[in-house]
Every structure is written in structure tokens, then in C-alpha cells.
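# A look at the structure
Listed here are the chains, written in short residue letters.
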Amino acid sequence: MTDIHPFVRAFREAAPYIHYLRGKTLVVCLDSALSDEAALPLLAADLNLLAALGVRLVLVYGLQRQVEDLCRQNGIGLAYHRERRITTEAVLQQVKQASGSVAADIQAALSLGFAHAPQPVKRLPVVCGNVLWARPLGVWDGVDMQYSGQVRKTDAVAVNRYLDGGSIVLVAPVGISPIGQLYSLSAYEAAQEIAVAVKAEKLLFLIEENGIFGQDGNICHTLNAQEAEEILRSGCLKNDTEQLLQAAVQALDGGVSRVQILSGRNNGDVLRELFTRHGAGTSLSRQAMTRIRTAQESDIPELAALLAPLEEQGILRRRDKAELERHIRRFFLLENDRQLYGCVALRTFADAPHIGELECLAVSREARDSGYGEQLLAHLLKEARRAGIQRLFALTTQTADWFAERGFQAASADELPFERQEIYRSNRRQSKVMVLDLSLQAA
Ligand code: 1C4
């Protein structure tokens, strides 16, 4: 088979996502730090591309940095209570000024279209909608929050009307009360409220960092609502990120099925997140996104695609379609967000019922080093115990250390069940034999 050009591979990988996102509504919240000359043009080009692919876009922009800068420049004091800015009359004037200025910059960036268009592209219409009704936060612990507000209602009908008309809807984090008073809102909360009200497919928070970092300092690639709440309880996040994660959890509670938090600074992360299997940043869903299940026949094409490059390199033994079909129920598949990330199989032997073999362990290249191999091993050990297996073998040419670090010990091929010894000798792979004594292991 000829080599496939990386572009073709990437485009084929993206195709199902393009199909899935067409006609879906995405709410994108742009952190105030990203409305600068470096980030905005690149983000705008990617948003244009999304719109060209038929994605319905609502863009909510933050103003925190601009308002703080303006207040500093104009000698206006800033005060905060419970991490929320108190919006005085003077601060509200700066909010209005910042809002107009950022909206103009975003519209200008969006009007450039997407990069390298072969012919002039029709300018994407942008509607700046007053779609948020607000009410004051009121008095908190005896502190009047003045013109700081919260969302009272979203005009989802208007948002959908603008989207149906083919426009991007640009929303400032300000809302108006029924008596015509303007209030400054949190952009995170505004985006979350809109996403819930319009039943968005996804809510994306574009921020400066690469995603949410857990207590261990590592980025969390996936979080379910419960894990996100644990992180919030641990108090390890800085204030802004805490408010962001709270908004994300509320969006999930409100029925948005997927919230993504990712860098708006890394060129192309939005596209990676939406159009590749492994995405970028932190992906949140209500339920756990990773699950391991028994394979079935319909999984064979995807399974074969996962195994092919490893068989090619001689890391895994070759298994043809007929073998996969015959033994498909031996396989366990690890899926993340319904994507196949890895597999492992358990082979049993009629002549040695207490012996099993861990076979065909693989994690897709892009998903390695995230603990999925470990999860597959843990699952297989559980299944092996359930099947009454006491000694579990793994044959490997390149991964002996990985097994050794997980309690396996080197063994001789003579210890394998007779049936397996014969195959071992005939296939000349000279694989190392590793064994784990399950009877010595805590379940
Ligand atoms: N050796 C030592 N350490 C390794 C390693 C290796 N080859 N590969 C990864 N690691 C380390 C990483 O450096 C990382 O270490 P750190 O940073 O935590 O210190 C740690 O492991 C990551 O652990 P993880 O749980 O996140 O691991 P994953 O990346 O999710 O998965 C795999 C680990 C080994 C599964 C993954 O790297 C992979 O898919 N590798 C390519 C396929 C592979 O080597 N599979 C093992 C097969 S042995 C064959 C068969 O066909 O049945 C051959 C049979 C025969 O006759 O020879 C098997 C069993 O399938 N046998």
C-alpha cells in the first residue's frame, strides 16, 4: 500500500466531525486576554472556517482585562468582593467603552475571512445582539455590588433567529434590566447561560492556559462533572479558573453535553479540539467519557486500523480479519468520548484453565502516556480473576519493562501452556515472556 499523505489522513479523520458539527450551535467564550493583535486574527480565521463549514456560532467576549486597564489609565479605583468586581457608576462607563472597542476589533478580525481563500469570500454577517436580560447582584454580605449583575434571562428566540439568518452572534458580557439599566456580567456566566438557553451542542471557553490543571499539576484532558466538582472543592485553582470551571459545571447541569476549555493562544487548538480524535485542552461531560467494554463484530474495522501500524512494526503479532472475527469477544476496547483509544485481549487455554494470556495490548499513538494502558491492564486483571485465572502471561518484544514495573516477572517459554509453546516456537518472534501471579496479588 502506498504511503498516505498526512493531509489526506488528517482530512479523513476530520470528516466525521465536520459532518457531525454541521448545523450545530457552538457557544464560544473568548477570554478578555485574547482580544489582542496576536491571538484575535488567528482565532477569527478559525471561527470563519467553522462558520463556512455550517457551524452556528455565538461568540461571547470577556472584558475584564480591558476594563481594568481603562480604570487604571483613568485613575478609577477598583474594588472586589467575593472575587467579583464591584461595578460603580464610573467603572460602568469603562465597561461600555471597552465593550464597544472589543466588539469593533472582533468584527474587524472576523471580516478578514479565513486564511488563503482561493477567491474573495463573502463577508460573514455579524450581529451584535442585546440578548441578555440582567438583574443586579444586589448586596452581598453588606457590600453593594452596584452595577455588577447576573443573567436574568436569555432571549434564545432572538439568538436562533440571527443564527438562522446565517450570522455569527456577538454578545458582550452586559445585560439590561427591564427598567433599562445596564449591568456588567461575568463573561463565563453569560456564555454558560446562553449555551443552556439555546441548547448548544458545545460550549468552548478559550483562555490563556492550555486547559484545567489538577491537584497534581498535570492538565486534565477529560473531566466529568463529579471530577470537576472535586477539583473545585480542593481549592487548587486560582480565582478566575475556579469561576470558569463553575460555569462549565453549571452548563453541564443545564444540559449542555460537552464543555471544552482550551488555549486560545495556541494557533489551531480550536480546530484540533473540534476535528481530531484526541482534541486539545480539557473536555468536560456529565458522565465519565472513558469506558472499557467488550468488543463486537462491528468494531473490527476500527480495531484493525488501530493494530495495523503496530503489526507493521512487528510490535504486535499479525492478526488477520478472520482471527479478529473468531476471537472478537476476547477483546476489550477503551473508548473515550466514543472514540477508540486502546484495546487488550484475554486468551484462555483449554488445556490449562488457570493460565491466561494478556494479548494485543495497544493504545493509539496520540493517547499514550495518559494512563490508558494502565486502565486496560487493570480491567484485564479483573476479567482474568473473574475467569479463575491464577497466572497471567504477556509476550512482548518491546514492552517487558512496562510489565515489569507493574509486577510482572520474566519467565521461560516452557511455563506457557503447551498449545501456546508450540505457537511461540513456530512464529520465531523470540518474544520475552512475562508473568503475573494473580494468586499473590491483592484483588
Ligand atoms: N517500555 C517501558 N515503558 C513504557 C513503554 C515501553 N515500551 N511504553 C510506554 N512506557 C511508559 C511511558 O514512558 C510512561 O512512563 P512514565 O512517564 O509514567 O514514567 C508509562 O509507560 C505510561 O503508562 P500508561 O499507562 O500511560 O501507558 P500507555 O501509553 O497508555 O500504554 C502501551 C502503554 C505499552 C500499551 C502503549 O505504549 C502502546 O500501545 N505501545 C505500543 C504497543 C505495545 O508495545 N503493546 C504492548 C504489547 S505486549 C503482542 C500481541 O500481539 O499479543 C505480541 C505477542 C508476541 O508473540 O510477541 C501483547 C502484549 O500485546 N503482545
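Residues numbered from 1 in each chain as written. Predicted model: local features only at pLDDT ≥ 70, side-chain atom pairs only at ≥ 80, totals over all residues. Heavy atoms only, no water.

## Regarding the overall build of the protein
Looking only at helices and strands, one finds 14 helices and 23 strands in the protein. The buried share among the 443 residues of the protein stands at 49%. Expressed as a percentage of contacts within the protein between residues at least 6 apart in sequence, the contacts between residues at least 24 apart total 72%. As displayed, the protein offers around 22000 Å² of accessible surface, 49% of which is attributable to carbon and sulfur atoms. With 49 positive and 53 negative side-chain charges, the protein shows a spacing of 4 Å between the two charge centroids. (Helix = DSSP H or I, 4+ residues; strand = E, 2+ residues; numbered from the N terminus. Buried < 20%, exposed > 50% of the residue type's maximum accessible area, 1.4 Å probe, protein only. Contact = heavy atoms within 4.5 Å. Areas by Shrake-Rupley, 256 points an atom, 1.4 Å probe, with all protein chains shown as cover. Lys, Arg positive; Asp, Glu negative; His and termini not counted. Charge placed at Lys NZ, Arg CZ, Asp CG, Glu CD.)

## As for the domain arrangement of the protein
Interface extent is often summarised as the accessible area lost during association of the parts. Each assigned domain of the protein is listed with its residue range as follows: domain 1 (6-288) and domain 2 (291-440). Computed over C-alpha atoms only, the centres of domain 1 and domain 2 are separated by 43 Å. Contacts between the two partners involve six residues from domain 1, matched on the other side by eleven residues from domain 2. Interface area, domain 1 with domain 2, both sides summed: about 700 Å², of which 34% is carbon and sulfur. (Domains from an automatic or database assignment. Buried area = accessible area lost by both parts, 1.4 Å probe.)

## Section: the nonpolar core
Core analysis: the largest hydrophobic core is formed by 46 residues, its most contacted members being Val-27, Phe-205 and Leu-245. When residues of this core are assigned to their parent elements, the largest contribution, seven residues, is made by helix α8 (residues 239-253). Among all residues touching Phe-205, those that are not within four sequence positions of it are Cys-29, Tyr-188, Ala-191, Leu-244, Ala-247, Ala-248, Val-259, Gln-260, Ile-261 and Leu-262. Within the second largest apolar cluster, 45 residues are counted, among which are Ile-18, Leu-43, Leu-124 and Ala-172. (Core = buried A, V, L, I, M, F, W, Y, C linked by side-chain atoms within 4.5 Å.)

## Brief notes about the environment of Val-127
Inspection of the secondary structure assignment puts Val-127 in strand β5 (residues 126-128). Distance in space between the C-alpha atoms of Val-127 and Ile-168 is 6.2 Å, their sequence separation being 41 residues.

## Notes on the sheet that holds strand β21 (residues 391-396)
Sheet strands line up and pair through hydrogen bonds in the backbone, either parallel or antiparallel. Judged by pairing direction, the sheet is mixed, and its seven strands sit side by side in the order β17-β18-β19-β20-β21-β23-β22 without closing on themselves. Two strands close off the open sheet at either side, each with one partner strand: β17 (290-294) and β22 (409-411). Strand-to-strand twist across the sheet, computed as the mean angle between neighbouring axes with direction ignored, equals 30°. One ladder, built from six bridges, connects strand β18 (residues 331-336) with strand β19 (residues 339-348); its direction is antiparallel. The partner of Asn-336 across the bridge, within β19, is Gln-339. Across the sheet, helix α14 (residues 418-427) lies against β19, β20 (355-363), β21 and β23 (432-437), angled at about 120° from β19, the strand it touches most. (Pairing = 2+ DSSP bridges. Axes fitted to C-alpha atoms, helices over the stretch in contact; angles between N-to-C directions.)

## Some thoughts on the packing of aromatic side chains
What characterises a pair of aromatic rings is the spacing of the ring centres plus the angle enclosed by the ring planes. Under the definition given, this model contains six aromatic pairs. Relative to Phe-205, the ring of Tyr-188 lies with its centre 5.7 Å away and its plane at 85°, an arrangement referred to as edge-to-face. With a gap of 17 residues between them, Tyr-188 in helix α6 (residues 187-197) and Phe-205 in strand β13 (residues 202-207) connect regions that are remote in the sequence. Between Trp-402 and Phe-403, the ring centres sit 5.3 Å apart and the planes meet at 85°, which makes this aromatic pair edge-to-face. We classify Trp-402 as partly exposed; its relative accessible area is 23%. Ring pairs connect the aromatic residues Trp-402, Phe-403 and Phe-408, which therefore count as one cluster. Over the aromatic face of Trp-140 sits the side chain of Arg-82, whose NZ or CZ is 4.5 Å from the ring centroid. (Phe/Tyr/Trp six-rings, centres within 6.5 Å; stacked < 30°, edge-to-face > 60°. Lys NZ or Arg CZ within 6 Å of the ring centre and 35° of its normal.)

## Regarding the state of the cysteines
In total, this model carries zero disulfides according to the counting rule given. With no disulfide partner, Cys-71 has as its closest neighbouring cysteine sulfur the one in Cys-29, 20 Å distant. Overall, Cys-71 belongs to the buried group, its relative accessible area being 0%. (Disulfide = S-S within 2.5 Å.)

## Some points on the pattern of salt bridges
Counted according to the given criterion, the structure contains 24 salt bridges. Residues Lys-321 and Glu-325 are paired through a salt bridge, measuring 3.2 Å at the closest nitrogen-oxygen approach. Taken together, the positions of Lys-321 and Glu-325, both in helix α11 (residues 321-326) and four residues apart, correspond to about one turn of that helix. Judged by its relative accessible area of 55%, Lys-321 falls in the exposed class. For Glu-325, a relative accessible area of 34% corresponds to the partly exposed category. In this structure, a network of salt bridges that share partners links the residues Arg-317, Arg-319, Glu-323, Arg-330, Arg-347, Glu-359 and Glu-419. (Salt bridge = Lys/Arg side-chain N within 4 Å of Asp/Glu carboxyl O.)

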